Amino acid sequence: MSTAAGAPIALSVIAPVYNEEESLPHFVREITEAIAPLGIPYEIILVDDGSKDRSLAVMTDLASRVPELVVVSFRRNFGQTAALQAGLDYSRGQRVVLMDADLQNDPADIPRMLQKLDEGFDLVAGWRKDRKDAFINRRLPSMIANRLISMTTKVSLHDYGCTLKAMTREVAKELRLYGEMHRFIPAVANWVGVRIVELPVNHRARQFGTTKYGIGRTIRVVLDLITVRFMQTYLVRPMQVFGLAGIASGTLGFLVCLFLVFEKLFFAEDIGNRPLLLLGILLIVVGVQLLSLGLVADVVSRTYHESQNKPPYYVRTVIGSSAATEQLEPLRAQSTLRPIA
Ligand code: UDP
Ligand code: MG
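Now for a quick tour of the structure. (Residues numbered from 1 in each chain as written. Chains lettered and ligands numbered in written order. Predicted model: local features only at pLDDT ≥ 70, side-chain atom pairs only at ≥ 80, totals over all residues. Heavy atoms only, no water.)

## With respect to the coordination of the magnesium ion (ligand 2)
The coordination sphere of the magnesium ion (ligand 2), as far as protein atoms go, consists of Asp102 (OD) and Gln104 (OE1), spread over 1.9 Å. Judged by its relative accessible area of 5%, Asp102 is buried. Residue class for Gln104 comes out buried when judged on its relative accessible area of 8%. (Donors = N, O, S within 2.8 Å, 3.2 Å for Na, K, Ca; no water. Buried < 20%, exposed > 50% of the residue type's maximum accessible area, 1.4 Å probe, protein only.)

What follows is the structure, encoded as structure tokens:
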């Protein structure tokens, strides 16, 4: 960990590591070979996600020889997404590249991705056009997941599962990753309003170690997809989702019960043993529950936005002078995207 004091770091390469002892030396060498020719100050951040093999020892050894290397070591296994978030939190680069440490992503693709950033894009997503993984339990579920994510998030990419991504610091700063969220980075970033481009990248078969995932990941991805969809559309006003459903359910229940009352009063029908009565009451109760859930969710969402001082918008640029560009005290501390000069 040593860059000349004060020299700004142009690039942070971040990779999560879980039991990759054999790949690591090759990984660090390949990164160095790909980036050193660019002649920019950079750092490699490896996040040890509670590895049970000799990964940490290997990284410690590498760090003593490679000055660009930073190793962040977790106390236990928190998962790939948490590891990526930690990498982001500890990174200092003006640009950030995320990738796997298992050599499946090719560091030689990095310069091309940086070029795309130079062209003015904020986020470059890798597309494993010719993916080298098993078909039945990896590529097939991932094809389905890709279609699903593409339809629900309305950001059309071919490959959401590819970790290899490059982005500007301003985009990286806005990411809060948890669960299986790292594959929704384009969707989350899109909400902020960034320019996204997809770039076909090289994908290689796993040379060392084994994959850490099975088919179970698909289910977790789908659950997270629901969260992302919700966050994207209704986080600002959850009452509009729950309230609408609550009103619909409550009204229907009310009408059902009204019908029954009508029957009782005018036709003297016995309604005590009618399944319809149960349905009517159920719909009313569910309606009330949904409405109150909407209220609670609204309060929670307010707390979420206000505690993080997150405005409900993101500014790309301000033209002319305003409180935020002059040295007046702006009403709210802005943390958002870089104005494009
Ligand atoms: N990984 C991690 N924590 C985990 C599982 C995986 O940090 O709990 C890392 C792993 O070391 C690798 C990357 O995440 O660098 C991708 O994992 P893997 O190659 O097993 O996934 P696949 O490529 O098979 O989808
Ligand atoms: Mg892999």
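Okay, back to it.
## Here's the deal with unusual backbone geometry
With the exception of glycine, the majority of residues adopt a negative phi angle, and the majority of peptide bonds are in the trans configuration. For Asn19, which is not glycine, the phi dihedral falls at a positive 55 degrees. Mapped onto the elements of the fold, Asn19 is located in the loop between β1 (11–17) and α1 (23–35). Phi at Lys154 is positive, roughly 60 degrees, even though this residue is not glycine. For Lys154, the location among the structural elements is in the loop between α5 (135–153) and β6 (165–168). (Helix = DSSP H or I, 4+ residues; strand = E, 2+ residues; numbered from the N terminus.)

## Quick look at the site of ligand 1
Every one of the 18 residues lining ligand 1 counts as a neighbour, but Glu20, Asp49, Asp102, Thr211 and Lys212 are closest to it. Side-chain polar atom of Asp49 to a nitrogen atom of ligand 1: 2.5 Å apart, as the coordinates give it. Taking Arg138, its side chain carries an N or O atom lying 2.9 Å from an oxygen atom of ligand 1. For ligand 1, the accessible surface in isolation is 530 Å², of which the surrounding protein chains cover 95%. Taken together, the residues that form the shell around ligand 1 break down as five nonpolar, five polar and eight charged. (Near = heavy atom within 4 Å. Polar contact = N/O pair within 3.5 Å; in protein donor to acceptor, adjacent residues only side chain to side chain. Areas by Shrake-Rupley, 256 points an atom, 1.4 Å probe, with all protein chains shown as cover. Nonpolar A, V, L, I, M, F, W, Y, C, P; charged D, E, K, R; others polar.)

## Some remarks on the sheet that holds strand β5 (residues 123–128)
The strand order across the open sheet built from seven strands is β3-β2-β1-β4-β6-β5-β7, with neighbouring strands paired in mixed fashion. Sheet topology places β3 (69–73) and β7 (196–201) at the edges, where each strand pairs with a single neighbour. Sheet twist, expressed as the mean angle between neighbouring strand axes with direction ignored, is 20 degrees. Pairing between strand β2 (residues 42–48) and β3: five bridges, direction parallel. Looking at β3, one finds that Ile44 is bridged to Leu69. Packed onto the sheet, helix α2 (residues 55–65) meets β1, β2 and β3 and runs at close to 150 degrees relative to β3. (Pairing = 2+ DSSP bridges. Axes fitted to C-alpha atoms, helices over the stretch in contact; angles between N-to-C directions. Contact = heavy atoms within 4.5 Å.)

## Some details on helix α3 (residues 80–90)
Within α3, eight of the 11 residues are buried, which leaves it mostly tucked inside the rest of the structure. Here α3 has its buried residues at Gln80, Thr81, Ala83, Leu84, Gln85, Ala86, Gly87 and Leu88. Those residues of α3 that are buried lie in contact with β1, β2, β4 (95–98), α6 (169–174) and α8 (216–234).

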